[in-house]
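As a plain string of letters, each chain reads:
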Amino acid sequence: MLKDKNIALYVTGGIAVYKAVDLLRTFIKEGANVRVGMTESATKFVNPLTFQVLSRNEVHIDTFYESTPEHLAHIHISDWADIAVVAPATTNTIAKIAHGIADNFVTSSLVATKAPVFVVPAMNTDMYENQATQANIQTLENRGIKVLEPDTGFLAEGYEGKGRFPDKERILDELESFIIQHSEDLPLKGYKFLVSAGGTEERIDPVRYITNDSSGKTGYAIARAAYYQGADVQLVTTAEHPLPNAIEKIKVSSADEMYQVIDKLFELTDVLVMTAAVADYKVASQSKSKMKKDELADKIVIELEENPDILKAMGNKKDKQFLVGFAAETENLEEYARKKLEKKNLDMIIANDVSREDTGFNVDFNEVIILTKDDKRFDISRQTKNNIARIVVEKIINELNA
């Protein structure tokens, strides 16, 4: 989401300035271009050279220092930025932004900024809860500026309280959501995606179950990729992996539970992507208590019965929905995938060989073939599941616009 984005990072004078260094590195790792502006008080905590070396750009501090005569630095950075991030934001700077005061490089640049502004407060609890500070935050929010609520934790003063600089993972998650909200040209804006992930668990008794090797990583990656393209995403999953807070996660265990949820949500869905490895069979008679070894015969027989075929059921009832299935095979990959594509009335199927150790189940890489109902074929070479998810979502977008 941050790849190729121009981020103006404005650092103001609180003890949390040192955490802004790690935040800068995170932005760069995510592919963003970052330029930094600092208040004089911020330089008392961390030398500007640190930010300059990491960003590979000049750090701006003095409004009246102009290193390039062709343009005014505080206007140039505000015009350049796709988004402005103020982190950490002190009580003083929040008050100045709220009242349009432009008495240093940071506040002068922010007054001139037309891009979305994202503010990360960090301060003492009493300062944060002060009526004036809360009124200033409300003023910023009324103008469409995002003000992230600080964390509660151990403060510099030596006690617990609200006002702590949030973890970078939370900042990144909230920032990405904020960018999506302000991006009107994302291709999946207005689309509702329903994604399934993970291997279902079919109970034998309260402590044992039948499952498979699916990690759910591909489903999570597709949910994120669709969300980053603007879709409203719901994820029905048996697995646990990191996920943006804006994606609705619905936890299930068995194939029956997954079917009930998907069947209920399907009518309002535009695109269903079934990456979950749903068990074909379940235990016909689940024991209500733990089966004791000394009460069993040397050999036991567990009777199985067929689970609902979720994808086939949705294919039979689909109206406007675009259906995407996965074919996890160990042989005759394309042949079996094409049969599944037709039999289940799908629009697209992604086939992968799960017999390999370097791709497929429970690893971070995959290699797939994408087939469509109108006989398009795309071979995707071995790469990360995140990259493959982006490609799959791009292909879905192309098909929706065809």
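Residues numbered from 1 in each chain as written. Predicted model: local features only at pLDDT ≥ 70, side-chain atom pairs only at ≥ 80, totals over all residues. Heavy atoms only, no water.

Take helix 7 (residues 131–142) next. Helix length check: helix 7, at twelve residues, gives a terminal C-alpha distance of 16 Å against a target of 16 Å (1.5 Å per residue), a fit within 8%. Every buried residue of helix 7 is listed here: T133, N136, I137 and L140. Buried residues of helix 7, seen end-on, are gathered within an arc of 100° and therefore sit on one face of the element. Away from its buried face, by an angle of more than 90 degrees, helix 7 presents the exposed residues Q131 and N142. Buried residues in helix 7 make contact with helix 4 (91–98), helix 6 (125–129) and strand 5 (146–147). Of the residues that open helix 7, the one with a side-chain oxygen 2.8 Å from the backbone nitrogen of A132 is N130. (Helix = DSSP H or I, 4+ residues; strand = E, 2+ residues; numbered from the N terminus. Expected span 1.5 Å × (residues − 1). Buried < 20%, exposed > 50% of the residue type's maximum accessible area, 1.4 Å probe, protein only. Arc of directions from axis to C-beta. Contact = heavy atoms within 4.5 Å. Polar contact = N/O pair within 3.5 Å; in protein donor to acceptor, adjacent residues only side chain to side chain.)

Quick look at the nonpolar core now. Residues F193, V233, V273 and I396 are the most contacted members of the largest nonpolar core, which totals 36 residues. When sequence neighbours within four positions are dropped, the list of residues in contact with I396 reads F193, V271, V273, F322, V324 and M348. Of all hydrophobic cores here, the second largest spans 32 residues; its members include V21, A32, V59 and L148. (Core = buried A, V, L, I, M, F, W, Y, C linked by side-chain atoms within 4.5 Å.)

A few words now on unusual backbone geometry. Note the cis peptide between A87 and P88, where omega equals -5°. Position of P88 among the secondary structure elements: in strand 3 (residues 83–89). One non-glycine residue with positive phi stands out, namely R56, at about 60°. Mapped onto the elements, R56 comes out in the loop between helix 2 (48–55) and helix 3 (73–80). Assessed through its relative accessible area of 77%, R56 is described here as exposed. Even without being a glycine, N345 presents a positive backbone phi close to 60°. Take N345: it is sitting in the loop between helix 12 (333–343) and strand 17 (348–353). Its relative accessible area of 36% is what places N345 among the partly exposed residues.

Here T133 lies in helix 7. Residue T133 is classed as buried on the basis of its relative accessible area of 3%. If we ignore the near neighbours within four places in the chain, the residues touching T133 are T91, M123, M127 and Y128.

The analysis is restricted to geometry; functional conclusions fall outside its scope.
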